[in-house]
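Overview (structure and organization)
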Amino acid sequence: MAVEKSYAEINEKIKKGTAVVVTAEEIIDIVQEKGMEKTVREVDVVTTGTFGTMCSSGAFLNFGHSKPRIKMNKAYLNGVPAYAGMAAVDVYIGASALPESDPDNRVYPGRFLYGGGHVIEDLVAGKDVKLEAFGYGTDCYPRRHIESLITLDDINDAILFNPRNAYQNYGVAVNASDRTIYTYMGVLKPKLGNASFSTSGQLSPLLNDPYYQTIGVGTRIFLGGGCGYVAWHGTQHNPSVARGENGVPLDGSGTLALIGDLKQMSPQWLRGVSYVGYGVSMAVGIGIPIPILNEEILRYCMVTDADIYSTIADYSTAYPQRDDGELGRVSYAELRSGEINIQGKKVPTTPLSSYIKAREIARILKNWITDGGFLLTEPVQALPSTDAGISLNNLEEKKNNR
Amino acid sequence: MVANKFVLRFSSTLVEQPILYNLVKDYDLIINVLKADINPHKEGYVVLELSGDSENYNGGLEYLKGIGVDVTPLSGTIFWSKDRCLQCGACTSFCPSGALFMTSEREVCFDDSRCIVCESCLDVCMARAVEVSF
């Protein structure tokens, strides 16, 4: 009879310390060895992991009130502007925010040494961060300016809220032009000099659950070294992209919006990054458990780098101009070999997300669950899947006479 | 045979002397210059590999120090921070000498003896984990 397990059954085992938890990498060999039927009965949870740059990230902060009070309408953390268009002392610091004094690409390519991602890393590391804020003065909030130092411990709330993380697959970037280009996919050498790729492939959360059968709103996860949750589907979530026969999307598709308490997190798993010629961002560590409820869910977790394909795009013309046109597809196994073949040319590959850190996250999450301190949550709502009829809209320019 | 890479720093009074010529002629050393520059104050540096038999090698280094050249092993001027490194491996596809490389376990490592100080890694490292101090 086909195995069907419930979240409650698996959680009972976790509480008793008898749950069998393996990583998305380990499960591949286990199924090879034991077969599907035995594995689906024995293994309760598969843990996934990813650690890479995720620009749509940031944190809501509440500083508490100064005496006299101020309603901040401009706020800076270590010189990096935070969005203050909310209540008096609430701000949102975005990972890709730059100081107004940054020379950006005026001296090309810019260095982008410090920005929002670095502010978040410094906060999580417990460092003093300089806060400067301006208000226009009201009867209830008379103060117009404040300068102070804050730490993560001092402030009331620090909530990491990332509107788009954990992309389910992502394209491979190359440069067909005759000059070096500087992109969010890193430095791309001319004439197909290298091909950069992201995602942790066979370890990546949404590549192990391609139709979002277990990962949904409310799923408890590893986020930045602490415990977080899936808040919603991420922005630009697009389950409708072309998929292989195994259900795995062939290009960037599903995404997750994630939330968690920044005060629990670690600078090891939230790191400010600088992309020369492009800007700043933040590397985010994410791990998501997948309950092995039945054979179908297990089958998706068996995916290997050889089964996951990605689409190659030219970032010198087609991508920036939003033109169609791709240069073929390659598997992650080929990408990880260090060299791929594009139109007969051997092209070295440039990884942008860390495979061994992804593996480390999957192992940490495995330990959390095995130790009984991390229970699985059943989604309160499923993410939109292939049947949701989603197609992404483009921004078209319209005549504006206002 | 001994071979090592060094950064030599020259004051303005030394910069016009034929020091490398003397190393070859008097100490029979093999010199491979990787990088060199002179600033507007006429101070300069040379990054080079010195090799020769140990007596000549030591003699050559003594000569350099004796005339006032600051001699620092290259490993003391290039610093790769394992803590800063995010382990993505992007640098390994840009490093021309294999000094930054990935193991079969996909761990990023740095072998400073292979570094030729081209500085390609500085721009491509998103974590800015490599620092060069000259």
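Remember, it's a predicted structure, so these values are computed and weren't measured experimentally. (Residues numbered from 1 in each chain as written. Chains lettered and ligands numbered in written order. Predicted model: local features only at pLDDT ≥ 70, side-chain atom pairs only at ≥ 80, totals over all residues.)

Glancing now at the overall build of chain A. For chain A, the count of helices and strands is seven helices and 26 strands. Whereas a compact globule of 402 residues would reach a radius of gyration of roughly 21 Å, chain A reaches 23 Å, a difference of no more than 12%. The C-alpha extent of chain A, read off along each of the three principal axes, is 70 × 60 × 40 Å. Residues counted as buried form 47% of the 402 residues belonging to chain A. Within chain A, contacts between residues separated by at least 24 positions form 74% of all contacts whose residues are at least 6 apart in sequence. (Helix = DSSP H or I, 4+ residues; strand = E, 2+ residues; numbered from the N terminus. Rg over C-alpha atoms; globule rule 2.2 N^0.38 Å. Buried ≥ 20, exposed ≤ 12 C-beta atoms within 10 Å, placed from the backbone. Contact = placed C-beta atoms within 7 Å.)

Moving on to the domain arrangement of chain B. All names here are of chain B. Along its sequence, chain B is organised into domain 1 (2-76) and domain 2 (80-132). On a C-alpha basis, the centres of domain 1 and domain 2 stand 26 Å from each other. Counting residues at the interface gives five residues for domain 1, matched by four residues for domain 2. Looking at the side of domain 1 that touches domain 2, its residues break down into three nonpolar, one polar and one charged. (Domains from an automatic or database assignment. Nonpolar A, V, L, I, M, F, W, Y, C, P; charged D, E, K, R; others polar.)

Residue and element names in this part refer to chain A. Omega for the bond connecting Lys-67 with Pro-68 falls within 30 degrees of zero, at -10 degrees, which places this linkage in the cis form. Tracing the sequence through the fold places Pro-68 in the loop between strand 4 (58-62) and strand 5 (74-77). Omega for the bond connecting Tyr-108 with Pro-109 falls within 30 degrees of zero, at -10 degrees, which places this linkage in the cis form. Examined against the element boundaries, Pro-109 turns out to sit in the loop between strand 7 (90-94) and helix 4 (116-124).

What follows deals with the sheet that holds strand 9 (residues 145-150) of chain A. For sheets, the rule is that strands pair by backbone hydrogen bonds, running either parallel or antiparallel. Residue and element names in this part refer to chain A. Pairing in this open sheet of four strands is antiparallel, and the strands run 6-5-8-9 from one edge to the other. The sheet is open, and its two edges are formed by strand 6 (80-82) and strand 9, each paired on a single side. Across the sheet, the axes of successive neighbouring strands diverge by a mean angle of 25 degrees, strand direction being ignored. Pairing between strand 8 (residues 129-134) and strand 9: six bridges, direction antiparallel. (Pairing = 2+ DSSP bridges. Axes fitted to C-alpha atoms, helices over the stretch in contact; angles between N-to-C directions.)

The subject of this paragraph is the interface of chain A and chain B. In this assembly, 20 residues from chain A lie in contact with 14 residues from chain B. Those elements giving two or more residues to the side of chain A that touches chain B turn out to be strand 13 (186-188), strand 19 (270-275), strand 25 (345-351) and helix 7 (355-370) of chain A. For the side of chain A that touches chain B, a count of residues per class yields ten nonpolar, eight polar and two charged.

Core analysis: the biggest nonpolar cluster contains 143 residues, and Val-46, Ile-93, Ile-120 and Val-174 of chain A have the highest contact counts within it. When residues in this core are grouped by element, the largest group, six residues, is from helix 7 of chain A. Residues lining this core come from more than one domain, with at least three contributed by each of domain 1 (2-76) and domain 2 (80-132) of chain B. Residue contacts for Val-174 of chain A: discarding those within four places in its chain leaves Leu-188, Leu-192, Ala-195, Ile-312, Asp-314, Tyr-315, Leu-327, Ile-342 and Val-347 of chain A. (Core = buried A, V, L, I, M, F, W, Y, C linked by C-beta atoms within 7 Å.)

Residue and element names in this part refer to chain B. Spatially, the four strands line up as an open sheet ordered 2-3-1-4, and their pairing is antiparallel. Whereas interior strands pair on both sides, the edge strands pair on one side only; in this sheet they are strand 2 (30-38) and strand 4 (70-73). Along the sheet, successive strands turn relative to each other by an average axial angle of 25 degrees, direction set aside. Here helix 2 (residues 54-66) sits on the sheet and contacts strand 1 (2-10), strand 3 (44-52) and strand 4; the angle it forms with strand 3, its principal contact strand, is near 160 degrees.

All names here are of chain A. Buried residues dominate helix 4, accounting for eight of its nine residues. Taken as a whole, helix 4 has its buried residues at Gly-116, Gly-117, His-118, Val-119, Ile-120, Glu-121, Leu-123 and Val-124. At the exit of helix 4 stands Gly-126, carrying a positive phi of roughly 85 degrees.

Next up on the list: the pairing of strand 20 (residues 279-287) of chain A. Residue and element names in this part refer to chain A. Of all nine residues in strand 20, nine are buried; the element is thus mostly enclosed. Residue alternation in strand 20 divides its side chains into two sets, Gly-279, Ser-281, Ala-283, Gly-285 and Gly-287 and Val-280, Met-282, Val-284 and Ile-286, and both sets are buried. When strand 3 (residues 50-53) meets strand 20, the two strands line up antiparallel, connected through four bridges. For Thr-53, the partnering residue across the bridge sits in strand 20 and is Ala-283. Bridge count between strand 16 (residues 220-223) and strand 20: two bridges; the pairing is antiparallel. Residue pairing across strands places Leu-223 opposite Ile-286, the latter belonging to strand 20. Bridge analysis of strand 19 against strand 20 gives six bridges, and the strand direction is antiparallel. Bridged to Ser-274 within strand 20 is Val-280. Between the antiparallel neighbours strand 19 and strand 20 lie three residues, among them Gly-277 with a positive phi of about 75 degrees.

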